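Chain by chain, the residues:
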Amino acid sequence: MALARVYTRALIGIHAPEIRVEVDLARGMPGFTMVGMPATTVKEARDRVKTALMNAGFEYPPATRITVNLAPADIPKTGARYDLAIAVGILAASGQIPDTILEQAEFYGELALTGELRAVNGLIPALLACREKKRQAFVPIANQQEAGLVREQKSWLAADLVSVYEHLHEHQPLRESKPVDWACQAESDEGDLADVVGQEQAKRALLLSAAGKHHLLFVGPPGTGKTMLAQRLSGLLPSLTEKEAMEIAAVKSVSFDYHGTEALTQREVRSPHHTCTAAALVGGGTGNSVCPGEISLANRSLLFLDELPEFSRHVLDCLREPLESGEITISRAGHNVKFPANFQLVCALNPSPCGQFDGSLANCRSTPDQILKYLNKLSGPLLDRIDIQVAVPRETSSLRLDGTQVTGETSEQMKQRVIAARQQQYRRQGCLNSELKASEVVSHCMLTDADHEFLITAIEKLKLSHRAYHRTLRLARSIADLDNQKKVQKPHLAEAMGYRALDQLIDQVRSL
């Protein structure tokens, strides 16, 4: 009888491939057949769409065999996001709505049995892809927060199927989504570093970590401020670019992990508990339902792992590849899903199981063997990827009240220094220091022969790996950038070599 084609998009990770919903109405035994690799949730659209059409007052084609093809057939389809496109296709094929606009539009939304539209996840990746095709989009009004974030994209907000019908007939136009200026969204307030008394070396480590995007490890007894310092790192990071903000919003849109528009494009500190599983940390799921994990939700943000040795070693080792590549690939039978995982890792651990080891066993309830067993839960390859290891000791002098108050740099002042250092890095090499490839590190550091020999001697004496060698050079490059120096010199190398708190702790334990 008739054929109609409607466009929508699937969701694979944060990618939204185009799906053509082809609806064919033919004479014959009444039925509703759906092909094109639909999952069970998609097949259930037969009942949802039929009931929604009838309850909304539309004519459901009688004595008709309906065939819906979701093309291309080799892309897995899951969820109820195709309901609106299927319903519009049936209405267009049966002549109840004009099909002139269908080639320039995409439709997203789950249908309630009353014909109302419900929100769908992963709308931002779909709208970004829709913008590239220069099409307009019809989205549920419940998704207006996400729709407003995608600039230069015309999105119509629909409450139900009837309102879409009225708009296509030009009877009652839908309301267009209003642009939201994500750059004006409030940023998370984790406190100011000027409020932290003492711990100057740890503050310096935070500055270096922010300047070159170096991963960071705090080592110290309980109550010395490790968590407080880690949370303040976000206040030193530069404002997000539009591309970075859209990456964050895309992952949160997929997972529905946000509350309010401002949370969609906000950098935050993700702090999973040490009992989390590998799937919770890196992402996972069954079949075609793969969800992003904490490392993807921390994309362009911070991942804070407190009590690091309490995490399962298997879970921690899952971080090794994402720390290098900046993405995670989750493999399932028949397909792979990729999520971004370009996060900055901040960790904290106690020096011993009891937390009281300070170089001697006088106040410690753990034996040297117990301490080593506790620290050996962390694999060498993982620690090699953490550029800065800094001690956070007890500082009783900072507790004395002598009538004076020492106020250091504020987070905003340090942030300006970080921005200046990062600008130098982008001008020089087009990326941050932590992202330099091994082949590029030496050329951008420009060491003299004497300074290079000093570094090699130190590496050999400490028996460090090749990765640690390049890690030291990257960190020294960041130290030089903060000093506004073109060349990396011996003092920069010496300071970079000094951020080995965990190695020094292990040496202390072995000497007992």
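Here's what I pulled together on the structure shown here.

Definitions and limits used
Residues numbered from 1 in each chain as written. Predicted model: local features only at pLDDT ≥ 70, side-chain atom pairs only at ≥ 80, totals over all residues. Heavy atoms only, no water. Helix = DSSP H or I, 4+ residues; strand = E, 2+ residues; numbered from the N terminus. Buried < 20%, exposed > 50% of the residue type's maximum accessible area, 1.4 Å probe, protein only. Contact = heavy atoms within 4.5 Å. Areas by Shrake-Rupley, 256 points an atom, 1.4 Å probe, with all protein chains shown as cover. Lys, Arg positive; Asp, Glu negative; His and termini not counted. Charge placed at Lys NZ, Arg CZ, Asp CG, Glu CD. Pairing = 2+ DSSP bridges. Axes fitted to C-alpha atoms, helices over the stretch in contact; angles between N-to-C directions. Arc of directions from axis to C-beta. Polar contact = N/O pair within 3.5 Å; in protein donor to acceptor, adjacent residues only side chain to side chain. Core = buried A, V, L, I, M, F, W, Y, C linked by side-chain atoms within 4.5 Å. Salt bridge = Lys/Arg side-chain N within 4 Å of Asp/Glu carboxyl O. Expected span 1.5 Å × (residues − 1). Left-handed = near helix turned anticlockwise from the far one by under 90°. Nonpolar A, V, L, I, M, F, W, Y, C, P; charged D, E, K, R; others polar.

**Some words on the overall build of the protein chain**
- Along the backbone of the protein chain there are 22 helices and 19 strands.
- Each principal axis of the C-alpha distribution contributes one length, and for the protein chain these read about 85 × 50 × 45 Å.
- Classification of the 512 residues of the protein chain by burial places 54% in the buried group.
- Within the protein chain, residue pairs in contact and separated by at least 24 positions form 73% of the contacts whose partners lie at least 6 positions apart.
- Of the roughly 22900 Å² of accessible surface on the protein chain, 49% is carried by carbon and sulfur atoms.
- Here the protein chain carries 57 positive and 60 negative side-chain charges, and the mean point of each set is 4 Å from the other.

**What to know about the sheet that holds strand 19 (residues 388-391)**
- Reading across from one edge, 12-15-18-11-19 is the order of the five strands in this open sheet, with parallel pairing throughout. Each edge of the sheet is formed by a strand with only one pairing partner; in this case those strands are strand 12 (269-270) and strand 19.
- Of the strands in this sheet, strand 11 (216-219), strand 18 (344-349) and strand 19 are in contact with helix 7 (residues 200-212), which crosses strand 19 at around 165°.

**Some words on helix 15 (residues 368-375)**
- Looking at helix 15, one finds that the buried residues are I371, L372, Y374 and L375. The arc that holds every buried residue of helix 15, seen down its axis, measures 160°, which confines them to one face. Residues of helix 15 that are exposed and angled more than 90 degrees away from the buried face: D369 and K373.
- As for helix 15, its buried residues are in contact with strand 18 and helix 22 (501-510).

**Looking at the side chain of S411**
- Among the structural elements, S411 can be located in helix 17 (residues 411-429).
- On the basis of relative accessibility, which here comes to 6%, the residue S411 falls in the buried class.
- Engagement of the side chain of S411 in a polar contact is seen with the backbone nitrogen of L193, the distance being 2.9 Å.
- In this view, S411 contacts G191, D192, L193, G235 and L236; residues no more than four positions away in its chain are not counted.

**Concerning the pairing of strand 3 (residues 31-35)**
- Here strand 3 shows a buried face lined by F32 and M34 and an unburied face lined by G31, T33 and V35.
- In this structure, strand 3 lies alongside strand 4 (residues 64-71), joined through five bridges in parallel fashion. Note on strand 4: the bridge partner recorded for V35 is N69.

**Structural notes on the nonpolar core**
- Grouped together as the largest cluster of nonpolar side chains are 111 residues, with contacts concentrated most on I86, F107, F138, L319 and L502.
- With nine residues, helix 3 (residues 83-93) is the single largest residue contributor to this core.
- When sequence neighbours within four positions are dropped, the list of residues in contact with L319 reads L281, I295, L303, L305, F343 and L382.
- L233, L455, A496 and M497 belong to the second largest nonpolar core, which has 49 residues in total.

**Points about the pattern of salt bridges**
- With the rule as written, the count across this model stands at 26 salt bridges.
- The residue R9 makes a salt bridge to E106 at a minimum N-O spacing of 3.0 Å. Of this pair, R9 sits in strand 1 (residues 2-9) while E106 is found in strand 5 (residues 105-107), placing the two residues 97 residues apart along the sequence.
- Assessed through its relative accessible area of 4%, R9 is described here as buried.
- With relative accessibility at 0%, the residue E106 sits in the buried group.
- Residue E18 pairs with R135 through a salt bridge whose shortest N-O separation is 2.8 Å. In this pair, E18 sits in strand 2 (residues 18-27) while R135 sits in the loop between helix 4 (123-132) and strand 8 (136-140), placing the two residues 117 residues apart along the sequence.
- Take R135: its relative accessible area is 12%, and that puts it in the buried class.
- Through salt bridges with shared partners, a single ionic network connects R9, E18, E106 and R135.

**Quick word on the side chain of R500**
- Structurally, the position occupied by R500 is in the loop between helix 21 (490-497) and helix 22.
- By relative accessible area, which is 8% here, R500 ends up buried.
- Excluding residues that lie within four positions of it along the chain, R500 makes contacts with Q389, L462 and L464.

**Concerning helix 17**
- Relative to the 27 Å expected for 19 residues at 1.5 Å per residue, helix 17 spans 26 Å between its end C-alpha atoms, a close match to the ideal helical length.
- Burial in helix 17 covers these residues: S411, M414, K415, V418, A421, R422, Q424, Q425 and Q429.
- Summarising the contacts, the buried residues of helix 17 are in contact with helix 7, helix 18 (438-445) and helix 20 (466-482).
- Positive phi shows up at G430, right after helix 17, with a value of about 80°.

**Here's the deal with the environment of V150**
- Along the polypeptide, V150 turns up in the loop between helix 5 (144-149) and strand 9 (155-158).
- By relative accessible area, V150 is classed as buried at 3%.
- Taking the C-alpha atoms as reference points, V150 and A249, separated by 99 residues in sequence, lie 9.9 Å from one another.
- The residues contacting V150, other than those within four sequence positions of it, are I124, L127, L128 and R131.

**Points about the packing of helix 17 against helix 20**
- Between helix 17 and helix 20, the least distance of the axes is 9 Å, while the angle of their chain directions is 115°. For the crossing formed where helix 17 meets helix 20, the hand is right-handed. Across from R417, A421, Q424, Q425 and R428 in helix 17, the residues of helix 20 making contact are R477, D481 and L482.
- Its residues assigned to classes, the contact of helix 17 with helix 20 shows two nonpolar, two polar and four charged.

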